[in-house]
Amino acid sequence: MLRLIFIAAVLWFGVARVPAIEPERSVVQIYIFMQKPDWTAPWRYDPVQSASGSGFAIKGKRIMTNAHVVSWSRQIIVRKYQDPRPYLAKVEFIGHDCDLAVLKVEDESFFDEVPALDFGELPEVRSTVITYGYPAGGREISYTRGVVSRIEMNIYSHIGNRRLLSAQTDAAINPGNSGGPVIQDERVVGVAFQGIQGLENTGFFIPPPIVNRFLKDIEDGTYDRVPMAGANLVTLQNPAYRAKLRLPDNNSGARVDVIRPQSPASEVLRFDDVVLRVDQYPVANDGTILYQGNRVSGAVAFQLHQSGDRLPVEIWREGQAQTVNLKVEASQDDQTQGNQFDVRPRYYIFGGLVFTPLSLDYLRDADRSGTRSGLSDLNYELFYHARENPDTALKEPVVLSNILNDPVNATFLTRDATLVNRINGIAIEQLEDVVRAFESSTQTYDVIELGKHGTFETLNHTNAAQASAQILKTYGVPQDRNL
């Protein structure tokens, strides 16, 4: 017995002598120099700007941070805790939909005495966390303590059109904190990423289930993005409608309201199917599931998988339950409805007329540049047309973005952003149709039909073609297209 006690004592003192982990040694400051395009003059970039954020070391001599910290970067510099030396880094993987990125540092000695942090589990609501980072206004690391106040789906503002699982805390998360770790019991339980302007003591971090899904996704060397169900679920609490569907009078099941065309869901789900269970998660009649003690949107059950995974979905159809095998898949069908990154805007110029695909980025820059009339119609076309009338929705709506003034287009009355319907009788469903309509023209005059009020403009085709090169030179446009 005495010997056993002695051994235990040695082990205890051995553990006690292990130096305490100092997470701040793993937290880095990130400086970037970035340059964004002007989507209304898509051959042009804004002046180079600088910004800063935070990150932390993870296994594999990598740094994790937010995608929005390093997007559009021309140069990335990282600095270690209490070390003024700059190190060059580059993006290895980036997931704009989940706002996460992994960086590699060119000089691997950077990681000497920079331990990798381990990830923990999804923290419980009301538990305490500490955020580490380098918020704007100082060069020293900052710590803020707070409580996890809510776990639910939220819009990830970086991309703007994705709602994913997130955790809310009252720990301050300010500009510059982005990408820093949120620590609990010396493990990372989140990546700080956004706040809400105007609200005090409200910050959000990306929780471990989303971070782990991202790291699993990039294991094969490619980031495939977060998959979606391919269908929208709506509440099913109306007793009369439940009776119409011969559904038991309980709190179970959400109704399939919209199915994305051409998606795997369209092969196994029907309108008015009732989803009772996704994988191991029962679906309540408000469309939620119980996930690790948190009532969250049922979409979470799909989003935690990898693109291409198949999962069992129990549905109620025609008065009885059955199980279908649903393949979840990442989609970029709605890419233009969100913020786009690290891609050059597409455009085509003929006779000084600048054509570009309609996108959220274009609408934002058009509004910033003072364009007012016509934007409401374009908003409808981008965000609502396909939902209300999917049969008439365009594959890629194209806009007459602006006009590079020249004698060949001097008589044009249309000057604001306007949707292009037809050119020389060719329906414009994507940017390539504009190129084909002008380059195949054998007519004296090109006819461009615009907007929804029957407006049209004309160009002398020969004169416009001859003037195009000089127009590009005058306005400093390097080439007439980026397709």
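Residues numbered from 1 in each chain as written. Predicted model: local features only at pLDDT ≥ 70, side-chain atom pairs only at ≥ 80, totals over all residues. Heavy atoms only, no water.

Enquirer: Hey, could you run me through the nonpolar core in this one?
Expert: For soluble globular proteins, nonpolar side chains are generally found buried alongside one another. Ranked by size, the top nonpolar core spans 62 residues in total, and within it M64, L100 and F214 carry the most contacts. Looking at this core element by element, the count peaks at 5 residues for strand β11 (residues 187–195). Setting aside chain neighbours within four positions, we find M64 in contact with G55, F56, I58, L100, A101, V102, F119, G179, V191, V211, F214 and L215. If you look at the next biggest cluster of nonpolar residues, it comprises 32 residues, including V69, V70, V78 and A101. (Core = buried A, V, L, I, M, F, W, Y, C linked by side-chain atoms within 4.5 Å. Buried < 20%, exposed > 50% of the residue type's maximum accessible area, 1.4 Å probe, protein only. Helix = DSSP H or I, 4+ residues; strand = E, 2+ residues; numbered from the N terminus. Contact = heavy atoms within 4.5 Å.)

Enquirer: Before we go on, may I ask you to explain the pairing of strand β19 (residues 310–317) in this structure?
Expert: On any regular strand, side chains alternate: one points to one face of the sheet, the next to the other face. Of the pairings in the sheet, the one linking strand β15 (residues 274–278) to β19 comprises 4 bridges and is antiparallel in character. When the bridges of β19 are listed, R277 appears paired with E314. Relative to strand β20 (residues 320–327), β19 runs antiparallel, the two being bridged by 8 bridges. By the bridge assignment, E314 is partnered in β20 with T323. Taken together, β19 and the strand that follows it, β20, pair antiparallel across an intervening segment of 2 residues, in which E318 is found at a positive phi of about 50°. (Pairing = 2+ DSSP bridges.)

Enquirer: Where do I start with the packing of aromatic side chains in this structure?
Expert: The description of an aromatic ring pair uses the distance of the two centres, along with the angle that the planes make with each other. All told, the structure shown has 13 aromatic pairs when counted by the stated rule. With centroids separated by 6.5 Å and ring planes inclined at 50°, the aromatic side chains of W72 and F341 adopt a geometry described as tilted. Of this pair, W72 sits in the loop between α2 (67–70) and β4 (73–79) while F341 sits in the loop between β20 and β21 (347–350), and the two are 269 residues apart along the sequence. Like W72, the residue F341 is buried in the burial classification. Following the ring pairs from residue to residue traces out a cluster consisting of Y348, F350, F355 and F438. Here K80 stacks its cationic end above the ring of F110, 5.6 Å away from the centre of that ring. Positioned above the aromatic ring of Y241, the side-chain terminus of K244 is 5.2 Å from the ring centre. (Phe/Tyr/Trp six-rings, centres within 6.5 Å; stacked < 30°, edge-to-face > 60°. Lys NZ or Arg CZ within 6 Å of the ring centre and 35° of its normal.)

Enquirer: When you look at the pattern of salt bridges in this model, what are you seeing that I'm missing?
Expert: Charged atoms that come close allow side chains of opposite charge to pair. Enumeration over the complete set of coordinates arrives at 24 salt bridges. Between D365 and R364 there is a salt bridge; the shortest N-O distance is 3.5 Å. As a salt-bridge pair, E439 and R481 come within 2.7 Å of each other at their nearest N and O atoms. Of this pair, E439 sits in helix α10 (residues 431–439) while R481 sits in strand β28 (residues 481–482), and the two are 42 residues apart along the sequence. Connected via shared salt-bridge partners are D46, D361, R364, D365 and R368. (Salt bridge = Lys/Arg side-chain N within 4 Å of Asp/Glu carboxyl O.)

Enquirer: I'm lost on the environment of I349 in this one. Help?
Expert: Here I349 is to be found in strand β21. Taking relative accessible area as the criterion, I349 reaches 4% and is therefore assigned buried. In the structure, I349 is positioned 204 residues away from R145 in sequence and 54 Å away in space, judged by C-alpha atoms. Beyond its immediate sequence surroundings of up to four residues, I349 is in contact with W43, V354, L404, L472, V477 and D480.

Enquirer: Would you take a moment to explain unusual backbone geometry for this structure?
Expert: Trans peptide bonds make up most of the peptide bonds, and negative phi angles are found at most residues other than glycine. Of note in the backbone geometry, D279 takes a positive phi value of approximately 55° without being a glycine. Relative to the elements of secondary structure, D279 occurs in the loop between β15 and β16 (281–282). One non-glycine residue with positive phi stands out, namely N424, at about 50°. Along the chain, N424 turns up in the loop between β24 (418–423) and β25 (426–427). What makes N424 buried here is its relative accessible area of 18%.

Enquirer: Is there a simple way to think about the environment of V28 in this case?
Expert: Positionally, V28 belongs in strand β1 (residues 27–34). Here V28 falls in the buried class, since its relative accessible area comes to 1%. Sequence-wise, V28 and Y132 are 104 residues apart; in three dimensions their C-alpha atoms are separated by 9.5 Å. Discounting residues that sit within four places of it in the chain, V28 has contacts with G53, S54, G55, F56, I63, R79, F110 and Y134.

Enquirer: What is the right way to look at the sheet that holds β1 in this model?
Expert: Across a sheet, paired strands are connected by hydrogen bonds in the backbone, their directions being either parallel or antiparallel. Read around the closed barrel, the 6 strands follow the order β1-β2-β3-β6-β5-β4; overall the barrel is antiparallel. Averaged over all adjacent pairs, the angle separating strand axes in this sheet is 40°, with direction ignored. Contacting β2 (49–58), β3 (62–65), β5 (87–95) and β6 (100–105), helix α3 (residues 208–217) runs over the sheet at an angle of about 55° to β6. (Axes fitted to C-alpha atoms, helices over the stretch in contact; angles between N-to-C directions.)

Enquirer: Whenever I open this one, the packing of helix α7 (residues 360–368) against helix α8 (residues 375–383) confuses me. Can you help?
Expert: The angle between the axes and the distance between the axes are what describe a pair of packed helices. Interaxial distance between α7 and α8 falls to 11 Å at its minimum, and their mutual angle equals 165°. The angle between the axes of α7 and α8 places the two elements in the roughly antiparallel class. Handedness of the crossing formed by α7 with α8: left-handed. Here α7 contributes L360, Y362, L363, A366 and D367 to the contact with α8, which in turn contributes L375, L378, N379, L382 and F383. In terms of residue class, the contact of α7 with α8 is made up of 8 nonpolar, 1 polar and 1 charged. (Parallel < 35°, antiparallel > 145°, perpendicular 65-115°, else oblique. Left-handed = near helix turned anticlockwise from the far one by under 90°. Nonpolar A, V, L, I, M, F, W, Y, C, P; charged D, E, K, R; others polar.)

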